[in-house]
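Take a look at the letters that make up each chain.
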Amino acid sequence: MKMPGRKSVEWFLKKAGTACWQGRWAWPFILALLVVLYFPSGRIFKDPASTVLLDRNSDLLGAKIASDQQWRFPERTTIPEKFREAIIHYEDHYFYWHPGFNPVALIRAAYQDIRAGKIVSGGSTISMQVIRLARKNKERTIPEKLVEILQAFRLELHYSKEKIVALYASHAPFGGNTVGLDAAAWRYFGVSPENLSWAEAATLAVLPNSPALIYPGKNQLKLLAKRNRLLEKLYRSGVIDKTTADLAKAEPLPQKPYPLPQRAPHLLERAVKDGCHGMRLRTTVDLRLQEKIREILSLHYPQLKANEIGNAAALVVEVSTGNVLAYEGNIPAADSTSSGGDVDIITSPRSTGSILKPFLYAAMLNDGLILPNSLVPDIPMQIGGFIPENYNLTYDGAVPAKRALARSLNIPAVKMLQTYGYDQFCTLLRKIGMTTLTKPADHYGLSLILGGAETDLWDLAGIYASMARTLNRYNQSGKYDKSDFHPPEYREREDQPDPELSLYPPVFDAASIWLTFEAMVEVARPDEEQQWQQFSSSSRIAWKTGTSFGNRDAWSVGVTPGYVVAVWVGNASGEGRPGLTGIGTAAPILFDIFKSLPSSGWFNAPYNEMVQVRVCRQSGFRASSICEEDDTMWVPKKGLRTIACPFHQVVHLDKTENWQVTSNCVSPSEMVHKSWFVLPPVQEWYFRSRNPFYKVLPPFRPGCAPAESRNMEMIYPRNDSRIYVPVDIDGKPGSTVFKVAHRNPRHLVYWHLDDRFIGTTTLTHQMPLSPELGFHRITLIDEYGETLTIRFEIMSKGKGR
């Protein structure tokens, strides 16, 4: 059908002008009328709209009812062809030819009303019906009809025909609390307006004229007759062929209304909170992936529920853009009332567990404080009342930094944070996008690395995506983009910011990021080996798990060059459960999600940001001149700042090489000089039990030991410790086990408490003691006279330590 649009109005005005030329007295009136008609009128409809969430391809994710409890989508700008043809043929066949009102239709309606003695036809055009809807269906009177005619004419002057029919389709009533074509298509047929069949389009076209016909089980025959008459009219007009018309007539009518899709309910609520209320918001979410994530979480729910774990959430972010591809704020099967299923976990701060450890590792590589294999102490430690422990309650003595990260060891992480500084680390976390650190650094202290702070999936995924994006960009261009560190984005953006390229990294250099991801790829976890082995994968994924204190939060995050996946599992109420761990509950979901994503390969090594250095094979530090075994490895350029191996030292032995000697007792010419790998006593005590290659330093020959030699070190308690004595099962105060490490366990150690001899030990140097309340001093003397003294205080008895 030809669509003359605004030309019909111009033709009408030309005819009116010719008529007025014959009566010059009418010109002032006509001029005033034209001023009124052309004066902009602003928005016609001011009704509240539903908030509508679309995916990246404009498929419906969900909608929230308008504030007046009507399902009314925001106004459309265009109308699908099927509905446009149907509504025009049913309501206003001459829509594209009249200037807003149809005189012939008005005369015919007046004649019908006079004959019937009541109003049976209004003769309204679609333009007049738009005005009537905007004026809230005021009583049908002749003055009201004149107002509608005048304002419809004015409407035609300001809007195109396409816009006018779109206004009608957006605000027409379709029965009940369903208003507008979009809401009606989804409510009655479960599809978008663009996917309506001819039968469905015809059904909706006849409804605004009689919206009560839609109620299920009522007036079905009347509605069917109206629909089929319209389909026949479309056939007679040549819009559809006979086969299409016959097939359309055979389609059933809608019955019970469909609920609107709710495929991302938590994202919808977030959009409303972010100021998108009443908008049609196109997001970056991929509907297919979103539904897959919901399916994966639903499949895991029964097993979680069996352990009284009621909630889980997952977020998928595209690395290159930071766009959110899937946003599932809570497990779909979770009950919204009893299980906290309505809580958006993605934006809920939760205890981090050990999920922040990779950021500390990257920071120390970036600042030249460690190399990947630098040994980090893993021994019992106490700092005031803070006593960190490894998950498996064992110690390695010393462990390579990257291995400590891969195994998620707690004590090495605390030792590293001591070196880096928790205040500096807190500042770094805020800089890279962790928005939940709202307290001073001293509030968190060293516990910051073990769950003493909170984060959320949104920040966590954003940081990992920013790191991956930084590495990708450097590998592509040899430069950094200052804007690469930014939070995720769920709103579709028409324009992308121009890159701000620089030779300097915004936070971490590419080499530090790549080495961190390499460490995260290692999947061996001795703590829970049997569970870990099931996660073998053909594609490489850098990933990390975390479990908060009390088994309240289980985290898992993974990153590839293309995607970041972040998962949280737990109870929204904060209740902990046995077995609620990152590896046991969150990791299986993480890997199921990665299986549904396209493979994106692995990160290229940024060799331009790296140098090759000689590294001591035993200590992992830069090799010194006395390191006998070394390897060559790629490290960040700032790795050249790291200290040379501090553990190799030249020792002087007698000719038997069984004793250390000094120049006080042996001539230098009779000495054998050897390079020896020597750890501090406590580190050595734990290290040698796990590393058979470790050779204990020979003792000094009797009478030949220097005064400053040190073979003993206290394991527990440390000097100036405060001790709370626990209660035994019988209710009586228990004892405290004192432990000391000696380089030569076979040597005899004499124990003294407050200068009173209390016993000796050999091989295993530990002794249970029950000192009274107050300050004490324990003195240890080995058989060669080396002495070690520490002070401690017994604070109370009968309380848990």
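Quick note: structure is the one above.
Residues numbered from 1 in each chain as written. Predicted model: local features only at pLDDT ≥ 70, side-chain atom pairs only at ≥ 80, totals over all residues. Heavy atoms only, no water.

Asks: Where do I start with the overall build of the protein in this structure?
Replies: For the protein, the count of helices and strands is 23 helices and 28 strands. For the protein, the residues scored as buried account for 53% of the 801 residues in total. A sequence separation of at least 24 residues applies to 67% of the contacts in the protein between residues at least 6 apart. Accessible area of the protein: about 36800 Å², with a carbon and sulfur share of 53%. (Helix = DSSP H or I, 4+ residues; strand = E, 2+ residues; numbered from the N terminus. Buried < 20%, exposed > 50% of the residue type's maximum accessible area, 1.4 Å probe, protein only. Contact = heavy atoms within 4.5 Å. Areas by Shrake-Rupley, 256 points an atom, 1.4 Å probe, with all protein chains shown as cover.)

Asks: Can you walk me through a negative patch on the surface in this structure?
Replies: Among the surface-exposed residues, Glu492, Glu494, Asp495, Asp498 and Glu500 lie close enough to one another that they form a single negatively charged patch. Along the chain, the position of glutamate 494 falls in the loop between strand 12 (480–481) and strand 13 (501–502). On the accessibility criterion, glutamate 494 (76% relative accessible area) is exposed. (Patch = residues over 30% accessible without salt bridge, like charges linked within 9 Å, V, L, I, M, F, W, Y side chains within 5 Å. Salt bridge = Lys/Arg side-chain N within 4 Å of Asp/Glu carboxyl O. Lys, Arg positive; Asp, Glu negative; His and termini not counted. Charge placed at Lys NZ, Arg CZ, Asp CG, Glu CD.)

Asks: Would you mind going over helix 22 (residues 582–595) with me for this structure?
Replies: Helical geometry note: an α-helix holds 3.6 residues per turn, so side chains three or four residues apart project in the same direction. Between its first and last C-alpha atoms helix 22 spans 18 Å; for 14 residues at 1.5 Å apiece the expected length is 20 Å, and the two agree. Counting buried residues in helix 22 gives 11 out of 14 residues, a clear majority hidden from the surface. Of all the residues in helix 22, the buried ones are Gly582, Ile583, Thr585, Ala586, Ala587, Pro588, Ile589, Leu590, Phe591, Ile593 and Phe594. (Expected span 1.5 Å × (residues − 1).)

Asks: Help me out: how do you make sense of the packing of aromatic side chains in this one?
Replies: Any two aromatic rings considered together are summarised by their centre-to-centre distance and by the angle between their planes. All told, the structure shown has 20 aromatic pairs when counted by the stated rule. Ring geometry for phenylalanine 687 versus phenylalanine 693: centroids 5.8 Å apart, planes at 85°, classification edge-to-face. Taking the relative accessible area as the measure of exposure, phenylalanine 687 reaches 3% and is therefore buried. The partly exposed category is assigned to phenylalanine 693, whose relative accessible area is 42%. Taken together, the ring pairs connect Phe621, Phe647, Phe677, Phe687, Phe693 and Tyr694 into an aromatic cluster. The cationic tip of lysine 161 hangs over the ring face of phenylalanine 95; the distance from NZ or CZ to the ring centre is 4.6 Å. (Phe/Tyr/Trp six-rings, centres within 6.5 Å; stacked < 30°, edge-to-face > 60°. Lys NZ or Arg CZ within 6 Å of the ring centre and 35° of its normal.)

Asks: Mind showing me how you'd approach the packing of helix 13 (residues 287–306) against helix 22 here?
Replies: Relative placement of two packed helices is described by the angle separating their axes and the distance separating the axes. It is the contact of helix 13 with helix 22, at a shortest axis distance of 10 Å, that shows an interaxial angle of 150°. Put simply, helix 13 runs roughly antiparallel to helix 22. Both helix 13 and helix 22 take part in a crossing whose hand is right-handed. Side by side, helix 13 and helix 22 meet where Ile293, Ile296, Leu297, His300 and Leu304 of the first sit next to Thr585, Pro588, Ile589, Asp592 and Ile593 of the second. Of the residues contributing to the contact of helix 13 with helix 22, the split by class is seven nonpolar, two polar and one charged. (Axes fitted to C-alpha atoms, helices over the stretch in contact; angles between N-to-C directions. Parallel < 35°, antiparallel > 145°, perpendicular 65-115°, else oblique. Left-handed = near helix turned anticlockwise from the far one by under 90°. Nonpolar A, V, L, I, M, F, W, Y, C, P; charged D, E, K, R; others polar.)

Asks: It is not clear to me how the side chain of histidine 648 should be interpreted in this structure. Could you clarify?
Replies: Residue position: histidine 648 is located in strand 19 (residues 648–653). Among the polar contacts listed, one links the side chain of histidine 648 to the side chain of glutamine 618, at a separation of 2.9 Å. Leave out the neighbours within four places in its chain, and histidine 648 touches Cys616, Gln618, Ile626, Cys627, Ser675, Trp676 and Phe677. (Polar contact = N/O pair within 3.5 Å; in protein donor to acceptor, adjacent residues only side chain to side chain.)

Asks: Which parts of the structure should I look at to understand helix 10 (residues 220–236)?
Replies: Across its 17 residues, helix 10 extends 24 Å between first and last C-alpha, which sits within 8% of the 24 Å expected from 1.5 Å per residue. Among the residues of helix 10, Gln220, Leu223, Lys226, Arg227, Asn228, Leu230, Leu231 and Leu234 are the ones counted as buried. Against helix 3 (81–91), helix 9 (198–206) and helix 11 (242–249) lie the buried residues of helix 10. Remark: glycine 238 follows helix 10 within two positions and exhibits a positive phi of approximately 85°.

Asks: Would you mind going over the nonpolar core with me for this structure?
Replies: Side chains of nonpolar character tend, in soluble globular proteins, to be buried together. One finds Phe359, Phe425, Phe508 and Phe517 to be the most contacted residues of the largest nonpolar core, which totals 93 residues. By residue number, the principal contributor to this core is helix 19 (residues 457–477), which donates 11 residues. Once residues within four sequence positions are removed from consideration, phenylalanine 517 is found in contact with Tyr464, Met467, Ala468, Leu471, Ala542, Val559, Trp602 and Phe603. Counting residues in each nonpolar core, the second largest holds 50 residues, with Ala169, Phe174, Leu181 and Leu231 among its members. (Core = buried A, V, L, I, M, F, W, Y, C linked by side-chain atoms within 4.5 Å.)

Asks: Would you explain unusual backbone geometry in this entry?
Replies: In terms of backbone geometry, most residues other than glycine have negative phi values and most peptide bonds are trans. The peptide bond linking tyrosine 716 to proline 717 adopts the cis configuration, its omega dihedral lying at 0°. Position of proline 717 relative to the elements: it lies in the loop between strand 21 (712–716) and strand 22 (721–725). The phi dihedral of serine 58 is positive, around 70°, even though this residue is not glycine. One can find serine 58 in the loop between strand 1 (51–54) and strand 2 (60–64).

Asks: I would appreciate a short explanation of the sheet that holds strand 21 in the present structure.
Replies: The strands that make up a sheet pair up through hydrogen bonds in the backbone, lying either parallel or antiparallel. Strand order in the open sheet formed by three strands is 21-23-26, with antiparallel pairing between adjacent strands. The strands lining the two open edges of the sheet, one partner per strand, are strand 21 and strand 26 (766–769). Across the sheet, the mean angle separating the axes of adjacent strands is 25° when strand polarity is ignored. Inspection of the sheet shows strand 21 paired to strand 23 (residues 736–742) by four bridges, in the antiparallel sense. Considered in strand 23, the bridge of glutamate 713 is made with alanine 741. Packed on one face of the sheet, helix 23 (residues 681–690) meets strand 21 and strand 23 and runs near 75° to strand 21. (Pairing = 2+ DSSP bridges.)

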